[in-house]
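Descriptive analysis of the structure
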Amino acid sequence: MAAADGDQRWLVECLTATLDTARDVRAFAEESLRQASLQPGYGAALTKVTINKEIPFGLRQLAAVLLKQFIKHHWEEQEENFVPPVVSASEKVVIRQLLLTSLDDSNGKIRTAIGMAVAAIGQNDWPEDWPELLSFLLKLIGDQSNGNGVRGALRCLALLSDDLDDECIPKLVPELFPSLYIIISSPHLYENPLRAKAVGIVHSCISMLGSMSGVYKRETLSLMTSMLDPLMEQFSIILNSPVLSQNPDDWSMQFEVLKCLLQLIQNFPRLPEAKISAILAPLWQTFVSSFKVYHLSTIQASEDVDSVGYDSDGSERSIESFGIQLFELWTTIVGNSLLAKVIAGNIKELAYYTISFQQITEAQVQNWSRDANQYVADEDDVTYSCRVSGSLLLEEIVTAYEDYGIDSILEASQICFRESCELKQAGSADWWRLHEASLFALGSLSEHLCEAQDCGYNVRDLLEKMVIDIMGTGVQQYPFLHARAFSVVAKFSSLISKGICEQYLCNAAQAIASDVPPPVKVGACRALAQLLLESNQSSVQQNIMGILSSLVDLLRQASEETLHLVLETLQSAIKSGGEQSATIEPVISPIILDVWAQNIADPFISIDAVEVLEAIKNAPGCLQPLVSRILPTIGSILSKSKIQPDGLVAGSLDLLAMILKNAPATVVKAVFDTCFTFIIQITLESDDHGEMQNATECLAAFISGGRQELLAWGGEPGSTLKMLLSAASRLLDPELESSVSLFVGSYILQLILHLPSHLSPHIPELIAAIVRRMQSSDIAGLKSSLVVIIARLVHLSAPNVDQFVNLLLAIPAKGCGNSLAYIMSEWSQLQGEIQGAYQIKVTTTALAFLICTRHPELSRIEVNGHLVKTSAGITTRSKARVTPDHWTKIPLPSKIFSLLADTLTEIQEQVGDDADNVCEEDSDWEEVQNGDGIPHDMIHAASVPSNANPSVEHLNAMAKVFDEDEDDSYDDDLAKTDSLNEVKLLDFLTNTFVNLWESDRPLFEYLLQGLSNPQKVAVEKVLRK
């Protein structure tokens, strides 16, 4: 390409040719442009055509489109969409300069295109390669005499604002804010969309200042305070203008103001209350006026009204998104303790309008009537809607105002219910919406309201009045109202009278058998799923066969979301069916198995189907026929596992594991005869994660159910044991991915518990394999489960635990010399992450056994003590990469002693021994407040802490240790025959500490010195008993 003018002429001719009616001409021109895009100077030529006002608008616009694509594909090599060649540095300079000088183009569309091109380049080049960009934009925005320049620069800055960082914002805000304020406060000079953009840039600045406030609190607060008064003045003026239509351009500024206020209150909750309070009255005006528009345009919209609009930039906006933004702001205000006091007198009105906003819209009526799956999905999932956002606000009102909040919501619900009755009497076709919204709002607070009824609130009368009123209305005419009534009765079944619950149970049974709209059947299923398990069983038994038959019919019609719901309801019905379930088992089981097979690739539906089959299995008289029905097919699948569709083998093994769980020996034997060798073969050959995990669970269940007798089922003597050990060896293979071996711990535990004498000769090889598997694993859960196995072997060796220590010393471990050093290093770090009441008992008591041996080799092992903080400030990811964690090293006995003291402390906190405990906790808290700021109940606050704070799961498991009635997991079910379940951990630890204190006082005193104050208090307390 020659001179620049020549380039432009050629390019204009080429662009003109792309619009020619002749296909050949167009094709040749397009190919010429493609070839030109690979040559130097093409981008500059496109830019010159775009900004040349003498060229026809259509060609300039076409050049702008091509320029945008050129920047996207050729500007930056690291970009995902990059296409060679990259633009040269010299050409980039030319393009940048040309674009900047044309941001004030008189044509709005060209100006927008140039602004987008500048923003796209700025996201790559600013500030390093284009430092003058921001100062140029600021100068242009500040030149009020150049209106087009203000518009172009502002649009460009709006696109760039999300990329502003904590270095430029403090310098930018003082310079930028005055210009933005002039734009925002000058409706006579600038149109609303432009003013909205200015408010949007303010929002970006506030957001960035908020993210900086944690580190630069004083500086950011100073910047915010300087802007606050003029901002609040303008925000009040903007919000005082009522929302009059659903056109986004009419309320785009209010929308941006709401976003700014949200960021202000979230990020600067301690800003002067009076300044923020001044905005509340205009905000209420916006809230009320927007509801009127929302009610007319969206709730009562006719079928041809589109509730979604578009702003001047073409972005999708709806009056519902405006309402959601309002709810998010009100929720934040209610959650702010200072502002909550200011609006406390208006909470009833806020609740009233919130419930009114929650009415079903006409669009929802149409969508949900057409698609029951969508109705179920929107009810179950947290969707983006005023209904959901309103529920979050009501929840926050209860949290913030407690009894007063509940009073206000109940009163608002009563007003809405009364208004719906008045509308009904006046002949309004939409009366039901407000009634349904009231029930929806109360249902979203069911847990709080059930507790309130117990505390003296009369929630019951209001609810009963509302649901009884619905009984007299037509199901066909008001399907969503009846669906909501079913759902609410299910949620409040513990509160509503038994008579009404029984009536709704009968109505639900009739609904699923009748020709009623799908939403009613959805509500009926929800009611049945809850009420069947709670109702009088004699009345349930009278109708259960009809309910089961109707649900089976529904199952044949259901799909996707409704399928989940029907399966859940069917599960409840089978559990309530008692002996009658056996009558319908031949009908139900094949259908559920078919659902399971057809949806094997959908984990949610297949799990639901398995749970229904489990309910059938547990129903009286159903186990044997179900097993007989399943086994031939499952056996055939497993025998040819390598040719099955994806997921079918893993699903079949999951189904077998369910059948084997707590099954009688006869069933275990039947499954063994059909499937055992195939499962072993899969374990030895498969690499599929799901297959291996489920096969491992099946093998554990075989041992748990078959025990010693299992070894005689395999034909040749010793063949079954050999297969079991081969499976264990494969599962412990260090070359396997960690997730494949995830359940090997549970499997080996069954070998220890039920086949200890047969396993005993293989323990050295087993330990060596466990060490290799742990060393190659990157999953803490797998390592923890193998630590439990080592701990159980410690118990198995008692009272000769020192011999077990010697065995570990004799088994080498890569990088650690021997297995004892490696295992104890890992164990001491993982103990705080152990989950499960049984697992905690096993590992804690095993640690006590080890320390009581006082084996000299234990003291020679050093393990991680506490984390050493190497730098001040926040530890970012980049800092963490440069400066890895550094731990102190302490002797193993000190670590074990600390871990035991940790557990003792947790137990005492769970049990809450006596009043002295409270005093000690208060004392420790006061000490911390005046000390280093570490809470006393953080387990590792000492100079000899554990590796990390215990996980939530670990603490929950600790709680289960002391709750004898707590339901445990299936893993714990497999271990329930272990005598260690009978150990009282508090008594065991008490005896351990007392015995150490009495038998080796110097050692005890030495170990005690390394504990934190809370740990010392816990240990000394048991010594005093």
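The model shown is predicted, which means the values in this text are computed figures rather than measured ones. (Residues numbered from 1 in each chain as written. Predicted model: local features only at pLDDT ≥ 70, side-chain atom pairs only at ≥ 80, totals over all residues. Heavy atoms only, no water.)

**Overview of the overall build of the protein chain**
Summing up its helical and strand segments, the protein chain has 52 helices and 4 strands in all. Evaluated residue by residue, the protein chain yields a buried proportion of 53% over its 1025 residues. Considering only residue pairs separated by 6 or more positions, the protein chain has 74% of its internal contacts joining residues 24 or more positions apart. Accessible area of the protein chain: about 44800 Å², with a carbon and sulfur share of 51%. (Helix = DSSP H or I, 4+ residues; strand = E, 2+ residues; numbered from the N terminus. Buried < 20%, exposed > 50% of the residue type's maximum accessible area, 1.4 Å probe, protein only. Contact = heavy atoms within 4.5 Å. Areas by Shrake-Rupley, 256 points an atom, 1.4 Å probe, with all protein chains shown as cover.)

**Re the pattern of salt bridges**
Throughout the structure, instances matching the rule amount to 26 salt bridges. Residues Arg-387 and Glu-379 are paired through a salt bridge, measuring 4.0 Å at the closest nitrogen-oxygen approach. Asp-553 is paired through a salt bridge with Arg-556; the nearest N and O atoms lie 3.1 Å apart. Of this pair, Asp-553 and Arg-556 both sit in helix H28 (residues 537-557), separated by 3 residues, roughly a single helical turn. When its relative accessible area of 41% is taken as the criterion, Asp-553 is described as partly exposed. Residue Arg-556 is classed as exposed on the basis of its relative accessible area, which comes to 54%. (Salt bridge = Lys/Arg side-chain N within 4 Å of Asp/Glu carboxyl O.)

**What to know about helix H8 (residues 147-160)**
Between its first and last C-alpha, H8 extends 20 Å over 14 residues, near the 20 Å set by a 1.5 Å rise per residue. Turning to H8, its buried residues number three or more, namely Gly-149, Val-150, Arg-151, Gly-152, Ala-153, Leu-154, Cys-156, Leu-157 and Leu-160. The inward-facing, buried residues of H8 contact helix H6 (108-125), helix H7 (132-142), helix H9 (169-184) and helix H10 (192-212). (Expected span 1.5 Å × (residues − 1).)

**Observations regarding the confidence of the model for the protein chain**
Across the protein chain, pLDDT averages 87, with 89% of residues at or above 70. Model confidence for the protein chain, summarised as mean pLDDT per element, is weakest for helix H47 (residues 915-929) at 34 and strongest for helix H17 (residues 347-357) at 98. Low pLDDT (under 50) marks residues 871-882, which in the prediction has 5 contacts with non-local residues, meaning those over four places away or in another chain. Low pLDDT (under 50) marks residues 964-968, which in the prediction has 4 contacts with non-local residues, meaning those over four places away or in another chain. (pLDDT = per-residue confidence, 0-100.)

**Side note on helix H35 (residues 689-706)**
Taking 1.5 Å as the rise per residue, H35 with 18 residues should run 26 Å; its terminal C-alpha atoms sit 26 Å apart, in good agreement. Counting buried positions along H35 yields 14 of 18 residues, so the element is predominantly enclosed. Where H35 begins, the side chain of Asp-688 points an oxygen toward the backbone nitrogen of Gly-690, at a separation of 3.0 Å. Positive backbone phi, approximately 50°, marks Arg-707, located one or two places after H35. (Polar contact = N/O pair within 3.5 Å; in protein donor to acceptor, adjacent residues only side chain to side chain.)

**Quick word on the packing of aromatic side chains**
A full pass over the atoms with the stated rule returns 31 aromatic pairs. An angle of 65° between the planes, with centres 4.9 Å apart, marks the rings of Trp-431 and Tyr-478 as edge-to-face. Of this pair, Trp-431 sits in helix H22 (residues 431-444) while Tyr-478 sits in the loop between helix H24 (459-471) and helix H25 (479-491), and the two are 47 residues apart along the sequence. One aromatic cluster is present, formed by Trp-284, Phe-287, Phe-291, Tyr-294, Phe-327, Trp-330, Tyr-352, Tyr-353 and Phe-357 through successive ring pairs. A cation sits over an aromatic face here: Arg-96 above Trp-130, 5.7 Å from the ring centre. The side chain of Arg-1001 reaches across the aromatic face of Trp-997, ending 4.0 Å from its centre. (Phe/Tyr/Trp six-rings, centres within 6.5 Å; stacked < 30°, edge-to-face > 60°. Lys NZ or Arg CZ within 6 Å of the ring centre and 35° of its normal.)

**Let's talk about the nonpolar core**
Ile-679, Phe-702, Tyr-747, Ile-767 and Trp-827 are the most contacted members of the largest nonpolar core, which has 338 residues in total. Ranked by residues supplied to this core, first place goes to H10 with 11 residues. The residues touching Ile-767, leaving out its near neighbours within four places in the chain, are Ile-790, Leu-793, Phe-804, Leu-807, Leu-808, Ile-811 and Ile-823. (Core = buried A, V, L, I, M, F, W, Y, C linked by side-chain atoms within 4.5 Å.)

**What to know about the environment of Thr-562**
Note that Thr-562 resides in helix H29 (residues 560-577). Given a relative accessible area of 13%, Thr-562 falls into the buried group. Leave out the neighbours within four places in its chain, and Thr-562 touches Ala-372, Asn-373 and Val-376.

**Brief notes about unusual backbone geometry**
The phi angle of most residues is negative, glycine excepted, and most peptide bonds adopt the trans form. In the segment running from Pro-84 into Pro-85, the intervening peptide bond is cis, with an omega of 0°. A cis amide bond links Ala-798 with the next residue in sequence, Pro-799, at an omega value of 5°. One can find Pro-799 in the loop between helix H40 (780-797) and helix H41 (801-810). Not every positive phi belongs to a glycine, and Arg-707 is a case in point at roughly 50°. With respect to the helices and strands, the residue Arg-707 is situated in the loop between H35 and helix H36 (719-731).

**Here's the deal with the packing of helix H20 (residues 386-401) against helix H21 (residues 403-425)**
Between H20 and H21, the least distance of the axes is 5 Å, while the angle of their chain directions is 140°. In terms of their interaxial angle, H20 and H21 are classed as oblique. Where H20 approaches H21, its residues Leu-394, Ile-397, Val-398 and Tyr-401 are matched on the opposing element by Asp-403, Tyr-404, Gly-405, Ile-406 and Ile-409. When its residues are assigned to classes, the contact of H20 with H21 shows 7 nonpolar, 1 polar and 1 charged. (Axes fitted to C-alpha atoms, helices over the stretch in contact; angles between N-to-C directions. Parallel < 35°, antiparallel > 145°, perpendicular 65-115°, else oblique. Nonpolar A, V, L, I, M, F, W, Y, C, P; charged D, E, K, R; others polar.)

**Considering the environment of Leu-699**
Mapped onto the elements, Leu-699 comes out in helix H35. The class for Leu-699 is buried, based on a relative accessible area of 0%. Between the C-alpha atom of Leu-699 and that of Phe-672, which follows or precedes it by 27 residues, the distance is 9.7 Å. Apart from the residues within four sequence positions on either side, Leu-699 is in contact with Phe-676, Ile-679, Ile-680, Thr-683, Ala-727 and Tyr-747.

**Structural notes on the side chain of His-482**
Note that His-482 resides in helix H25. When residues no more than four places from it in sequence are discounted, the contact partners of His-482 are Ile-470, Thr-473, Gly-474, Val-475 and Val-520.

**Points about the environment of Cys-168**
With respect to the helices, strands and loops of the structure, Cys-168 is situated in the loop between H8 and H9. Taking the C-alpha atoms as reference points, Cys-168 and Pro-127, 41 residues apart in sequence, are found 9.5 Å from one another.

**Let's talk about the side chain of His-795**
Inspection of the secondary structure assignment puts His-795 in helix H40. By relative accessible area, His-795 is classed as buried at 11%. Polar contacts involving the side chain of His-795 include one to the main-chain carbonyl oxygen of Val-842, which spans 3.2 Å. The residues contacting His-795, other than those within four sequence positions of it, are Val-842, Thr-845, Ala-846, Phe-849 and Leu-980.

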